[in-house]
Amino acid sequence: MNADVVRIALAEWNAGRELTEEAFAEFARPDMVLDLTANVLNPGTFEGFEGFRRFADQVGEAWAEFRMEPEEVFERGDVVVALVRAVGTGQGSGVQIEAPVSVVCEMRGGRISSLRVEPDRKAALRAVGR
């Protein structure tokens with residue numbers, strides 16, 4: 001089930017340990033595109049494991065802690081939308097954030113081929129017909 005793959009990916013991120021290329025391959029395609037262009041903080045696009053690692057390094061530089069806590073997950077065909085709560089503590093500043101966002105994943109072959117963070121939950125839910 002595609003939704004389970006997205007749940008695993010979020011759990012791996014939230015575990016806070018360094019992600020290996022082998023663990024990445026369990027839930028993501030080698031050419032996965034991570035699209036964060038809609039983000040206010042850390043915007044950008046990243047491709048593949050190396051891109052994901054660069055993104056994780058940027059997050060580690062900016063945040064002492066950063067999690068994407070899943071609240072609800074919806075699936076429709078090869079699209080999965082996870083409504084999540086982004087929770088973080090700023091590196092150095094200690095500033096805490098908590099914000100509702102969505103993760104929209106397109107799946108191919110049972111793994112994530114693209115992951116887009118969408119701040120607008122209603123727009124994200126339209127991707128799964130809700």
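So, a few notes on the structure that sits alongside this text. (Residues numbered from 1 in each chain as written. Predicted model: local features only at pLDDT ≥ 70, side-chain atom pairs only at ≥ 80, totals over all residues. Heavy atoms only, no water.)

Some thoughts on the overall build of the protein chain
Summing up its helical and strand segments, the protein chain has four helices and six strands in all. If you list the helices and strands of the protein chain from N to C, you get α-α-β-β-α-β-β-β-β-α. Taken over the C-alpha trace, the protein chain has a radius of gyration of 14 Å; the compact-globule value for 130 residues is 14 Å, and the two agree within 12%. Put simply, the protein chain has 130 residues, and 42% of those count as buried. If you take every contact in the protein chain between residues at least 6 apart in sequence, the share linking residues at least 24 apart comes to 48%. Of the accessible surface of the protein chain, which amounts to about 7,100 Å², a share of 49% is contributed by carbon and sulfur atoms. (Helix = DSSP H or I, 4+ residues; strand = E, 2+ residues; numbered from the N terminus. Rg over C-alpha atoms; globule rule 2.2 N^0.38 Å. Buried < 20%, exposed > 50% of the residue type's maximum accessible area, 1.4 Å probe, protein only. Contact = heavy atoms within 4.5 Å. Areas by Shrake-Rupley, 256 points an atom, 1.4 Å probe, with all protein chains shown as cover.)

Some thoughts on the pattern of salt bridges
Evaluation of the coordinates by the stated rule reveals ten salt bridges. For R67, the salt bridge identified is with E69, shortest N-O distance 2.5 Å. The partly exposed category is assigned to E69, whose relative accessible area is 29%. A salt bridge links E118 to R116, with the shortest nitrogen-to-oxygen separation between them at 2.8 Å. Among the residues examined, R116 registers a relative accessible area of 30% and is labelled partly exposed. Taken together, the shared-partner salt bridges connect E71, R85, E98 and R121 into one network. (Salt bridge = Lys/Arg side-chain N within 4 Å of Asp/Glu carboxyl O.)

Considerations on the pairing of strand β4 (residues 79-90)
Taking burial as the measure, the twelve residues of β4 include eleven buried ones, the bulk of the element. Pairing of strand β3 (residues 63-76) with β4 involves twelve bridges; the strand directions are antiparallel. Considered in β4, the bridge of E69 is made with R85. Between β3 and β4, which pair antiparallel and follow one another directly, the connecting turn spans two residues, one of which, G77, has a positive phi of 60°. Sheet topology note: the β4/strand β5 (residues 96-108) ladder contains eleven bridges and is antiparallel. Within the sheet, the bridge partner assigned to V79 lies in β5 and is E106. Where β4 folds back onto β5 in an antiparallel hairpin, the turn is made up of five residues, including G92, whose phi is positive at roughly 85°. (Pairing = 2+ DSSP bridges.)

Remarks on the side chain of N2
One can find N2 in helix α1 (residues 2-15). Looking at N2, the relative accessible area reads 12%, which means it is buried. Excluding anything up to four places from it in sequence, N2 contacts E75, G77, D78, V80, M107 and G110.

A word on the sheet that holds strand β6 (residues 111-118)
With mixed pairing, six strands are arranged side by side in an open sheet as β2-β1-β6-β5-β4-β3. For this open sheet the edge positions go to β2 (45-47) and β3, each flanked by a neighbour on one side alone. The sheet shows a mean angle of 20° between the axes of neighbouring strands, taken without regard to direction. Those strands touched by α1 are β3, β4, β5 and β6, and its axis lies near 170° from that of β3. Across the sheet, helix α3 (residues 48-62) is in contact with β1 (28-35), β2, β3 and β4; its angle to β2 comes to roughly 135°. (Axes fitted to C-alpha atoms, helices over the stretch in contact; angles between N-to-C directions.)

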